[in-house]
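# A look at the structure
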Amino acid sequence: MTPKYVTETELVFSDLSKGLKKVAECLLHDPITFAIHPAKKIGKIIGVSETMIIRFCRSIGYEGFSQLQEEVRKEMMHFHQGAPLPETEPYEMNPFAQNVKDDIHILQSNLENMDPDSLSSIAAMMSQSERVIVVGYYQSQAFAYWLFFNLNYITGNAYLYRPDIDARLLDITPKNSCVVVFSFYRYAMDTIRFAEEAKKKGLSVILITDSRVSPAIEFADHVISINLSDASLLRKGPVILSIVNSVLTEIVKQVDQSDIPASMFKYFIKDGERKNDDYDFD
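This write-up is about the structure you can find in this document. Remember, it's a predicted structure, so these values are computed and weren't measured experimentally.

### What to know about the environment of Thr-7
The residue Thr-7 is located in helix H1 (residues 4-12) in this model. By relative accessible area, Thr-7 is classed as partly exposed at 34%. Separated by 53 residues in the primary sequence, Thr-7 and Ile-60 have C-alpha atoms spaced 9.0 Å apart.

### Some thoughts on the pairing of strand E4 (residues 204-209)
Sheet faces and side chains relate simply in a regular strand, where the side chains alternate between the two faces. With five of six residues buried, E4 lies mostly within the body of the structure. Sheet analysis places strand E3 (residues 177-183) next to E4, joined by six bridges and oriented parallel. Its bridge partner lying in E4, Val-181 is registered against Leu-207. Following the backbone out of E3, through helix H10 (residues 189-200) and into the adjacent parallel E4, one traces a crossover that is right-handed.

### Focus on the nonpolar core
Membership of the largest hydrophobic core comes to 34 residues, with the highest contact counts inside it found for Met-126, Leu-147 and Phe-182. For this core, the secondary-structure elements that each account for two or more residues are helix H8 (116-128), strand E1 (131-136), helix H9 (140-154), strand E2 (158-160), E3, E4 and helix H11 (236-256). The dominant element in this core, judged by the number of residues it contributes, is H11, at nine residues. Setting aside chain neighbours within four positions, we find Met-126 in contact with Val-132, Leu-147, Leu-151, Asn-157, Cys-178, Val-180, Ile-206, Val-247 and Ile-251. Core analysis: the second largest hydrophobic core is formed by 28 residues, Ala-24, Ala-39, Ile-42 and Ile-60 among them.

### Some words on helix H5 (residues 50-59)
The α-helix advances 3.6 residues per turn, and as a result positions three or four apart in sequence lie on the same side. Three or more residues of H5 are buried, namely Met-52, Ile-53, Phe-56 and Cys-57. When H5 is viewed along its axis, its buried side chains cluster within an angular range of 145° and face the same direction. Opposite the buried face of H5, by more than 90 degrees, sit the exposed residues Thr-51 and Arg-58. In the stretch just after H5, Gly-61 is the one whose phi turns positive, near 95°.

### Considerations on unusual backbone geometry
With the exception of glycine, most residues fall at negative phi, and the peptide bonds are largely trans. Located in the positive-phi region is Tyr-138, a residue other than glycine, with phi close to 60°. By the secondary structure assignment, Tyr-138 is in the loop between E1 and H9. Here Tyr-138 falls in the exposed class, since its relative accessible area comes to 66%.

### What about the sheet that holds E1?
Strand order across the open sheet formed by five strands is E2-E1-E3-E4-E5, with parallel pairing between neighbours. Each end of this open sheet is capped by a strand with a single partner; those strands are E2 and strand E5 (222-225). Neighbour-to-neighbour, the strand axes of this sheet turn through a mean angle of 20°, independent of strand direction. Bridge analysis of E1 against E2 gives three bridges, and the strand direction is parallel.

### Description of helix H2 (residues 18-29)
For H2, which comprises twelve residues, the first-to-last C-alpha distance of 16 Å matches the rise-based estimate of 16 Å (1.5 Å per residue) to within 8%. Among the residues of H2, those classed as buried are Gly-19, Leu-20, Val-23, Ala-24, Cys-26, Leu-27, Leu-28 and His-29.

### Quick look at the environment of Met-114
One can find Met-114 in the loop between helix H7 (95-111) and H8. With relative accessibility at 31%, the residue Met-114 sits in the partly exposed group. Sequence separation of Met-114 and Ile-226 is 112 residues, and the distance between their C-alpha atoms is 8.9 Å. Discounting residues that sit within four places of it in the chain, Met-114 has contacts with Leu-119 and Ser-246.

### Topic: the environment of Tyr-145
Of note, Tyr-145 is situated in helix H9. In this structure Tyr-145 comes out as partly exposed when scored by relative accessible area, which is 43%.

Rules used throughout
Residues numbered from 1 in each chain as written. Predicted model: local features only at pLDDT ≥ 70, side-chain atom pairs only at ≥ 80, totals over all residues. Heavy atoms only, no water. Helix = DSSP H or I, 4+ residues; strand = E, 2+ residues; numbered from the N terminus. Buried < 20%, exposed > 50% of the residue type's maximum accessible area, 1.4 Å probe, protein only. Pairing = 2+ DSSP bridges. Right-handed = clockwise from strand over helix to strand, strands pointing away. Core = buried A, V, L, I, M, F, W, Y, C linked by side-chain atoms within 4.5 Å. Contact = heavy atoms within 4.5 Å. Arc of directions from axis to C-beta. Axes fitted to C-alpha atoms, helices over the stretch in contact; angles between N-to-C directions. Expected span 1.5 Å × (residues − 1).

Below you can see the structure in the form of structure tokens.
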């Protein structure tokens, strides 16, 4: 169940002042900070006053900071108790195995919050669109390329946005198309502007992000919100790619059941049978 402080923050976020939004984003991105620090310290960390921290607590229905902090602490305890680790493990001192185990922990927390109906709708939109434009800047470009390459491999309708040569791409994009945007903290302004422009053009926008209050959400028709909590830069990759792969797998199933011409399966090998004998892939 989503904690009250999360749902209340999402509900009022658009109406908050700039300073209060900074507090909201900190709570949603890094609730541990609220669990272990007093209000004054949190204010120094995010660059606002202690008074603003208290104002934020009241704006989401709490009497003060102490009441919010108590609920965050209870939620943190519940979260960590939900997936107990074995008392003894053969690779306990192995740092590489520990890194993999940390990735599994993040994946597990996201598994519990996945919405299969929403993901199925997103997969259907991608497979049925005339064109799927995939957008990602900086680190997100790697995730965007992974989706683009594999989606194009399956359906042949994907296009990877390249800002250096695609300035007017949206002007020539068919109406029955969609845009998939990867946007993670710290959110690239170019990505947000692209989502906004796509929305103005009447295209459906699918947003893959790390927060329910991500700046690009207001331009999105569908949102895949990935819980990364306080995960480091390198921790983001496995969970993002895993969820993207789950959508790709659903697209394969939907394409299998449709009447899409075989020519759309660019080099796609199905059930061990090559669809294009001119290419020999391992």
